[in-house]
Amino acid sequence: MSNSSCGSGNCACKTKLRDPFDDTDYGTPLRHADIDVTLDIDGTAVTVPAGTSVMRAAIEAGVNVPKLCATDSLEPFGSCRLCLVEIEGKRGYPASCTTPVEAGMKVRTQTNKLQSLRKNVMELYISDHPLDCLTCPANGDCELQDMAGVVGLREVRYGYEGANHLKDKKDESNPYFTYDASKCIVCNRCVRACEETQGTFALTIAGRGFESRVAASENQPFMESECVSCGACVAACPTATLQEKTVIMLGQPEHSVVTTCAYCGVGCSLKAEMKGSEVVRMVPNKNGDANDGHACVKGRFAWGYATHKDRITKPMIRAKITDPWREVSWEEALSYAASEFRRIQDKHGVDSIGGITSSRCTNEETYLVQKLVRAAFGNNNVDTCARVCHSPTGYGLKATLGESAGTQTFASVEKADVIVVIGANPTDGHPVFASRLKRRVREGAQLIVVDPRRIDIVDTPHVKASHHLALRPGTNVAMVNAFAHVIVTEGLVKEQFVAERCEPRAFQQWRDFVTLGENSPEAMEAVTGVPAQSVREAARIYANAGNGAIYYGLGVTEHAQGSTTVMGIANLAMATGNVGREGVGVNPLRGQNNVQGSCDMGSFPHELPGYRHISDAAVRALFEEAWSVKLQSEPGLRIPNMFDAAVHGSFLGLYCQGEDIVQSDPNTQHVSKALSSMECIVVQDIFLNETAKYAHVFLPGSSFLEKDGTFTNAERRISRVRKVMPPLPGLADWEVTIKLARALGYEMNYTHPSQIMDEIASLTPTFTGVSYKRLDELGSIQWPCNAQAPNGTPTMHIDEFVRGKGRFVITKFIATPEKVTRKFPLLLTTGRILSQYNVGAQTRRTENSRWHDEDRLEIHPHDAEDRGIKADDWVGIESRAGQTVLRAKITERMQPGVVYTTFHFPESGANVITTDSSDWATNCPEYKVTAVQVMPVEQPSQWQKDYSRFNTQQLEFLELRDSTVAAVTSSGK
């Protein structure tokens with residue numbers, strides 16, 4: 001029996017694999033139909049699916065029909081009148097983009113009359129368009145220019161004496177693109193892209209007739225409008241009306257390289273369009289399976305950090321963190337790091353050092369770091385940032401379904417009838433997926449949002465949730481159990497699915513548990529704060545859906561009962577039969593570009609690559625033979641354990657690649673104390689981040705533009721990362737790890753990341769079919785990929801669960817230890833904002849800070865009024881862990897008693913106030929529930945004053961660094 005949808009043509013998922021390198025614009029979208037239609041185009045028989053436009057049929061047959069308003073990412077509009085054709089038996093000259101094919105239809109695309117009509121149409125366009133083609137930034141990439149040539153336009157008879165738009169003012173308010181109204185042909189493509197692709201509806205056509213022009217919101221500058229700067233309008237524009245400022249400055253690119261975005265877990269496929277080794281612009285790849293030609297403000301525009309002046313490109317060392325840095329050669333830096341690690345181990349034991357892998361680096365680089373720790377350090381003290389975000393996902397889904405990952409593709413949401421979003425804010429954290437979700441809701445799917453805040457998708461002019469269950473922070477398990485109670489007691493369980501697919505004894509025990517009155521919506525109303533009737537209605541909607549899909553984020557996992565909630569969500573999906581086909585499933589929205597991959601690669605202290613336990617002797621023997629080393633059989637230290645051990649003096653050395661644990665981990669003062677207690681910290685990164693300020697060795701890292709490798713996104717999709725420029729430090733990250741291993745006396749022999757992936761595939765059953773050659777052929781692969789699923793696995797658990805029978809788990813609600821008191825009467829929860837990413841090290845060094853240049857505290861008007869707080873006031877936020885000061889943002893997004901902030905700026909100290917409360921199973925911190933008090937203040941907190949002094953000192957040490965180093969430093973030799 002199969003537990004996957006393989007994409008191989010041998011199962012229920014028979015789909016035509018798209019050519020990942022076909023850039024043809026077919027004019028209108030691909031249609032899927034059970035019936036094919038054959039027609040005649042210019043004497044050639046063409047067969048296409050019913051519903052296909054004449055235009056697309058012609059282009060698929062190799063006949064190019066002129067077009068301006070049509071593009072295959074948007075529904076046909078029929079405004080430009082360039083694509084006119086003649087159809088035998090039909091009057092006039094219909095637009096081929098809006099005319100569907102019919103069986104036996106005879107179409108002519110090239111006649112003298114059509115040529116004359118098209119030329120006249122083009123002449124009208126050009127009569128109100130600047131004739132500055134030679135100096136226009138779109139010269140060489142302008143569809144208007146191309147079509148003028150195609151139709152044979154040689155003169156414009158109408159002149160420029162009458163009214164025109166040639167002197168319309170440019171809007172240059174957006175930092176990334178300009179809007180030049182004088183070049184607008186009112187084709188509507190930008191407006192339609194904003195509606196259909198992005199779903200923001202920020203653009204419209206203002207005025208009528210001759211006065212028609214594209215307008216952002218109510219004729220506002222783009223920067224002041226509702227525009228979210230995703231770039232969909234720019235990509236859709238056929239002229240230079242909407243144009244990237246980098247193209248205006250640098251000119252047209254001369255080649256492109258397909259790579260993968262290094263921001264969130266959506267993993268958008270992008271094209272880096274280049275001049276030599278300089279990026280001119282980044283555009284979404286229309287063939288990208290994760291994003292289908294869309295992107296967000298970060299991936300599309302915020303890549304300038306890669307060449308920012310703050311990049312550190314030479315290795316540095318120092319004996320103490322109170323010393324200035326000294327630039328050294330790669331050889332000296334790596335030799336020093338290795339000797340310090342060995343010195344510590346000789347004195348304090350083999351377990352006194354460890355490593356942290358990066359969820360921003362590639363799979364290959366992450367694999368090497370965990371291999372270095374296990375084989376060269378000789379212990380299992382390796383962990384990753386998933387510890388503080390989605391470790392409960394791995395635990396919960398493994399326990400219930402049998403695999404530590406989501407079940408679907410992102411495109412699966414397009415077949416959902418009911419969408420439940422729990423503890424996630426897709427429009428800010430995963431905006432490209434959010435666009436798919438919003439489109440599906442506009443098409444009629446019902447949306448249920450479970451979140452303490454009123455996030456964007458709860459209620460906007462074009463997307464509205466049927467139910468917003470604004471629960472109190474920390475009560476997710478109570479809410480999930482209340483859902484389960486309704487489903488079981490009202491007879492909504494899919495009994496046949498459960499009987500065939502799940503363990504009967506575990507199900508019966510779960511059924512008995514959730515039936516208890518203590519789990520009813522009425523009993524839980526006092527806990528969650530959500531009216532019982534609303535919970536009952538939402539549970540019925542989900543259970544009765546044809547296809548019900550659950551999407552969740554860090555608002556589920558970052559809790560004391562994070563793992564419990566994940567298991568509870570899996571229980572709901574199994575009980576309602578919402579697993580194993582498109583449009584359903586359990587879907588974690590992972591936060592970083594390769595957090596899924598870092599887990600897959602064995603970055604947890606108890607698991608080897610492929611989620612196999614280190615205590616399994618047979619698995620361990622496989623790796624011992626491949627790595628030529630004896631491995632420890634006991635799990636190593638988790639990140640929180642490392643910090644505690646450092647404070648106690650038994651953990652004294654750390655290799656940290658591409659993570660900023662000082663800013664991102666909870667209880668900042670405890671983390672700082674732990675790092676200050678260590679004797680050798682080696683940080684490998686592109687900037688001097690907050691963790692690097694505690695380091696003794698700094699190894700310069702390389703950005704995603706400077707390396708080859710792969711990322712794995714939240715849908716298990718493995719995608720290629722391709723080098724478009726040489727590494728600024730001379731070495732890519734994987735090369736640095738190899739050299740460090742050799743300095744430690746352990747040989748690693750790879751000359752290219754493809755060889756590392758080959759080793760991963762040879763040792764990991766879910767990756768056996770993965771190779772760079774196969775990725776180049778398919779564009780991307782969703783694991784498992786093996787003999788049973790040679791093209792990968794879009795949908796998991798089709799006929800049976802990976803573990804065999806699905807396992808229901810009892811999920812008793814236990815209140816968080818983080819409770820409100822008279823001293824701390826409010827609950828703080830944290831999250832992200834669209835323009836910034838994680839700790840902000842990348843996005844803060846781009847123009848994205850124009851939208852969000854500081855972390856603020858969101859507070860409900862009632863709570864603000866009670867405390868005498870006004871908008872923009874400085875407020876102190878105090879918890880049992882510490883205090884910080886932010887400016888207040890008063891908003892009804894918040895419910896009374898709950899406040900919210902982001903953590904993108906280090907000086908904000910958001911994690912100074914988060915505590916050591918964590919998930920019972922995985923130690924994932926409870927970022928989402930911190931009891932606090934908020935009061936007006938007039939000066940920064942003591943921590944912020946101390947941080948300011950420390951930060952100033954460390955930046956001075958960087959400025960004062962001794963740079964008398966041999967020229968071989970930058971060569972990597």
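What you see is a predicted model; the values in this text were computed from it and never measured.

Caption draft 1: Looking closely at the overall build of the protein chain. The number of helices and strands found in the protein chain is 29 helices and 37 strands. Radius of gyration (C-alpha) of the protein chain: 29 Å, near the 30 Å computed for a compact globule of 973 residues. The principal-axis extents of the C-alpha atoms in the protein chain amount to approximately 90 × 75 × 65 Å. When each of the 973 residues of the protein chain is scored for burial, the buried share is 63%. Contacts in the protein chain between residues far apart in sequence, at least 24 positions, make up 73% of those at least 6 positions apart. Accessible surface for the protein chain amounts to roughly 35,200 Å². Of this, 50% is attributable to carbon and sulfur atoms. For the protein chain, the separation between the mean place of its 102 positive charges and that of its 115 negative charges on side chains is 1 Å.

Caption draft 2: How the structure looks around the environment of Ala148. With respect to the element layout, Ala148 can be found in helix H3 (residues 143-150). Exposure remark for Ala148: the relative accessible area of 15% places this residue in the buried category. Remark: the alpha-carbon pair of Ala148 and Val65, spanning 83 residues in sequence, is separated by 13 Å. In this view, Ala148 contacts Met122, Leu153 and Arg154; residues no more than four positions away in its chain are not counted.

Caption draft 3: The nonpolar core, seen in detail. Core analysis: the largest hydrophobic core is formed by 73 residues, its most contacted members being Leu242, Ile419 and Leu447. Residue contributions to this core peak at 4 residues, all from helix H12 (residues 431-442). Among all residues touching Leu242, those that are not within four sequence positions of it are Phe177, Thr178, Tyr179, Cys190, Phe222, Cys233, Val234 and Cys237. One finds Ala405, Leu554, Trp734 and Met748 within the second-largest nonpolar core, a separate group that totals 65 residues.

Caption draft 4: Local environment of the sheet that holds strand S2 (residues 36-41). Taking strand neighbours across the sheet as the criterion, the 4 strands line up as S3-S2-S5-S4 in an open arrangement whose pairing is mixed. Only two strands of the sheet have a single partner each, and these edge strands are strand S3 (44-49) and strand S4 (86-87). In the sheet, S2 pairs with strand S5 (residues 106-108) via 2 bridges, with the strands oriented parallel. Directly across from Asp40, in S5, lies its bridge partner Lys106.

Caption draft 5: Seen up close, the packing of helix H2 (residues 112-126) against H3. The interhelical angle for the contact between H2 and H3, taken along N-to-C directions, is 140°, at an axis separation of 10 Å. Considering their axes alone, H2 and H3 lie oblique with respect to each other. By crossing handedness, the relation of H2 to H3 is classed as left-handed. Within the contact between the two elements, H2 uses Met122, Tyr125 and Ile126 and H3 uses Leu144, Met147 and Ala148. Taken together, the residues of the contact of H2 with H3 break down into 6 nonpolar, no polar and no charged.

Caption draft 6: Structural context of helix H26 (residues 753-763). For H26, every residue scored as buried is listed here: Pro753, Ile756, Met757, Glu759, Ile760, Ala761 and Leu763. In the core, the buried residues of H26 are packed alongside helix H9 (363-377), strand S24 (612-613), helix H21 (617-627), strand S28 (709-712), helix H25 (733-743) and helix H27 (772-778).

Caption draft 7: A look at the packing of aromatic side chains. Counted by the stated rule, this structure contains 21 aromatic pairs. Aromatic pair Phe177 and Phe222: ring centres 5.3 Å apart, planes at 90°, arrangement edge-to-face. Placement of Phe177 in strand S7 (residues 177-180) and of Phe222 in the loop between strand S9 (213-216) and helix H5 (232-236) is noted, with a sequence separation of 45 residues between them. Among the residues examined, Phe222 registers a relative accessible area of 3% and is labelled buried. Between Tyr611 and Trp783 the ring centres are 6.4 Å apart and the planes differ by 40°, which places this aromatic pair in the tilted class. Within this pair, whereas Tyr611 is found in the loop between strand S23 (607-608) and S24, its partner Trp783 is found in the loop between strand S30 (780-782) and strand S31 (795-796), the two being separated by 172 residues in sequence. When its relative accessible area of 1% is taken as the criterion, Trp783 is described as buried. Three or more aromatic residues link up through ring pairs in this structure, and these residues are Tyr176, Phe177, Tyr179, Phe222, Phe301 and Trp851. Here the guanidinium or amino end of Arg501 rests over the ring plane of Phe801, the centre of that ring lying 4.5 Å away. Across from the ring centre of Phe687, 3.9 Å away, lies the NZ or CZ of Arg845, which sits over that ring.

Caption draft 8: Quick peek at the sheet that holds S30. Read from one edge to the other, the open sheet built from 3 strands follows the order S28-S29-S30, with strand pairing classed as antiparallel. Edge positions in the sheet fall to S28 and S30, since each has one partner strand and no second. Each adjacent strand pair in this sheet contributes to an overall mean axis angle of 30°, direction not counted. Bridge count for S28 against strand S29 (residues 717-721) is 4 bridges, and the pairing is antiparallel. Residue pairing in the sheet places Gly709 in a bridge with Val721 of S29. Running at roughly 90° to S28, H9 makes contact with S28 and S29 of the sheet.

Caption draft 9: Representation of the pairing of strand S12 (residues 269-275) in the model. A large share of S12 lies buried, amounting to 6 of its 7 residues. Pairing analysis gives 6 bridges linking S12 to strand S13 (residues 278-284), with the strands arranged antiparallel. The residue of S13 that forms the bridge with Met274 is Val279. Connecting the antiparallel pair S12 and S13 is a turn made up of 2 residues, with Gly276 showing a positive phi of about 65°.

Caption draft 10: Structural detail: helix H10 (residues 391-400). Of all the 10 residues making up H10, 8 are buried; the element is thus mostly covered by neighbouring parts of the structure. Of all the residues in H10, the buried ones are Ser391, Pro392, Thr393, Gly394, Gly396, Leu397, Ala399 and Thr400. Phi for Gly402, located one or two positions after H10, is positive at around 105°.

Thresholds applied
- Residues numbered from 1 in each chain as written.
- Predicted model: local features only at pLDDT ≥ 70, side-chain atom pairs only at ≥ 80, totals over all residues.
- Heavy atoms only, no water.
- Helix = DSSP H or I, 4+ residues; strand = E, 2+ residues; numbered from the N terminus.
- Rg over C-alpha atoms; globule rule 2.2 N^0.38 Å.
- Buried < 20%, exposed > 50% of the residue type's maximum accessible area, 1.4 Å probe, protein only.
- Contact = heavy atoms within 4.5 Å.
- Areas by Shrake-Rupley, 256 points an atom, 1.4 Å probe, with all protein chains shown as cover.
- Lys, Arg positive; Asp, Glu negative; His and termini not counted.
- Charge placed at Lys NZ, Arg CZ, Asp CG, Glu CD.
- Core = buried A, V, L, I, M, F, W, Y, C linked by side-chain atoms within 4.5 Å.
- Pairing = 2+ DSSP bridges.
- Axes fitted to C-alpha atoms, helices over the stretch in contact; angles between N-to-C directions.
- Parallel < 35°, antiparallel > 145°, perpendicular 65-115°, else oblique.
- Left-handed = near helix turned anticlockwise from the far one by under 90°.
- Nonpolar A, V, L, I, M, F, W, Y, C, P; charged D, E, K, R; others polar.
- Phe/Tyr/Trp six-rings, centres within 6.5 Å; stacked < 30°, edge-to-face > 60°.
- Lys NZ or Arg CZ within 6 Å of the ring centre and 35° of its normal.

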